[in-house]
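The lines below spell out each chain.
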Amino acid sequence: GEPSSTSDLNLTWDIDSWIDFVTEAKFKPIEEARPVYREFLKTFPTAVKYWKMFIEQEIEAKNYPEVDVLFKECLLKVPHVSLWQCYLNYCRLTTKNRENGTKILEQSYSYAIENVKYDTNATPIWKDYLQFLQDSPISGVEGENARATKIRETFDKAVEIPEV
């Protein structure tokens, strides 16, 4: 039958039961769901969809320190574009009204780009980053020139073909 706790699943590789179990966590309060996600991800550490589900549930509950920990755990271990997009959405959310938010967000984009730059599915991240650069506030002619240079350099990197 249906497992009622993670302990019922510990010794089984019944993937359907695991997926049913972790999918139900989405409808529980995060305090109850957290151990379910943890156990599932311990067993299936590269399950992108469920990392994202867990992170989004923590974001929804505004548990930002927990979100930071989750991103540290998964981004480099599971370098999937959709997780990096989730990370950038989170960065946009948490830097929106901060004094140095634009600078922090630019660093976040640079970090993401550095890790997905040759992934053929990373086009949306490159496009978002170019749009971010275009929309960034500037002052004076020097600022305009610096922004144009940064956009041009970023575009060149985006279309660069890696040497194999």
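Computed from a predicted structure; not experimentally measured.

Observations concerning the packing of aromatic side chains
Piece 1. A full pass over the atoms with the stated rule returns 14 aromatic pairs.
Piece 2. Between tryptophan 18 and phenylalanine 44 the ring centres are 5.8 Å apart and the planes differ by 85°, which places this aromatic pair in the edge-to-face class. Placement of the pair is tryptophan 18 in helix H1 (residues 15-25) and phenylalanine 44 in the loop between helix H2 (30-43) and helix H3 (48-60), with a sequence separation of 26 residues. Taken individually, tryptophan 18 and phenylalanine 44 each receive the classification buried, so the pair is uniform in this respect.
Piece 3. A centroid spacing of 6.0 Å and a plane angle of 75° characterise the contact between tyrosine 87 and tyrosine 111, whose relative ring orientation is edge-to-face. Of the two residues, tyrosine 87 is situated in helix H5 (residues 81-95) and tyrosine 111 in helix H6 (residues 101-116); the sequence distance between them amounts to 24 residues.
Piece 4. Residue tyrosine 87 is classed as buried on the basis of its relative accessible area, which comes to 13%.
Piece 5. By the ring-pair criterion, three or more aromatic residues cluster together here, those being Tyr64, Phe71, Trp84, Tyr87, Tyr90 and Tyr111.

Considering helix H8 (residues 140-159)
Piece 1. With 20 residues, H8 should cover 28 Å at 1.5 Å per step; its first-to-last C-alpha distance of 29 Å lies within 8% of that length.
Piece 2. Taken residue by residue, H8 has Gly143, Arg147, Ile151 and Thr154 as its buried positions. For H8, the angular spread of the buried residues around the axis is 70°, confining them to a single face. Exposed residues on H8 whose side chains face more than 90 degrees from its buried face are Val141 and Glu142.
Piece 3. In this structure, the buried side of H8 is in contact with helix H7 (123-135).

Some thoughts on a negative patch on the surface
Piece 1. A grouping of Asp14, Asp16, Asp20 and Glu24 is seen on the molecular surface, where their side chains present a negatively charged patch.
Piece 2. Note on placement: aspartate 16 falls in helix H1.
Piece 3. Exposure remark for aspartate 16: the relative accessible area of 58% places this residue in the exposed category.

Notes on the environment of isoleucine 138
Piece 1. Structurally, the position occupied by isoleucine 138 is in the loop between H7 and H8.
Piece 2. Those residues in contact with isoleucine 138, other than ones at most four positions away along the chain, are Gly143, Glu144 and Arg147.

What to know about the environment of histidine 80
Piece 1. By the element assignment, histidine 80 lies in the loop between helix H4 (64-74) and H5.
Piece 2. Accessibility expressed as a relative area gives 39% for histidine 80, which makes it partly exposed.
Piece 3. Between the C-alpha atoms of histidine 80 and valine 48, which are 32 residues apart in sequence, the distance is 7.1 Å.

Rules used in this analysis
- Residues numbered from 1 in each chain as written.
- Predicted model: local features only at pLDDT ≥ 70, side-chain atom pairs only at ≥ 80, totals over all residues.
- Heavy atoms only, no water.
- Phe/Tyr/Trp six-rings, centres within 6.5 Å; stacked < 30°, edge-to-face > 60°.
- Helix = DSSP H or I, 4+ residues; strand = E, 2+ residues; numbered from the N terminus.
- Buried < 20%, exposed > 50% of the residue type's maximum accessible area, 1.4 Å probe, protein only.
- Expected span 1.5 Å × (residues − 1).
- Arc of directions from axis to C-beta.
- Contact = heavy atoms within 4.5 Å.
- Patch = residues over 30% accessible without salt bridge, like charges linked within 9 Å, V, L, I, M, F, W, Y side chains within 5 Å.
- Areas by Shrake-Rupley, 256 points an atom, 1.4 Å probe, with all protein chains shown as cover.
- Salt bridge = Lys/Arg side-chain N within 4 Å of Asp/Glu carboxyl O.
- Lys, Arg positive; Asp, Glu negative; His and termini not counted.
- Charge placed at Lys NZ, Arg CZ, Asp CG, Glu CD.

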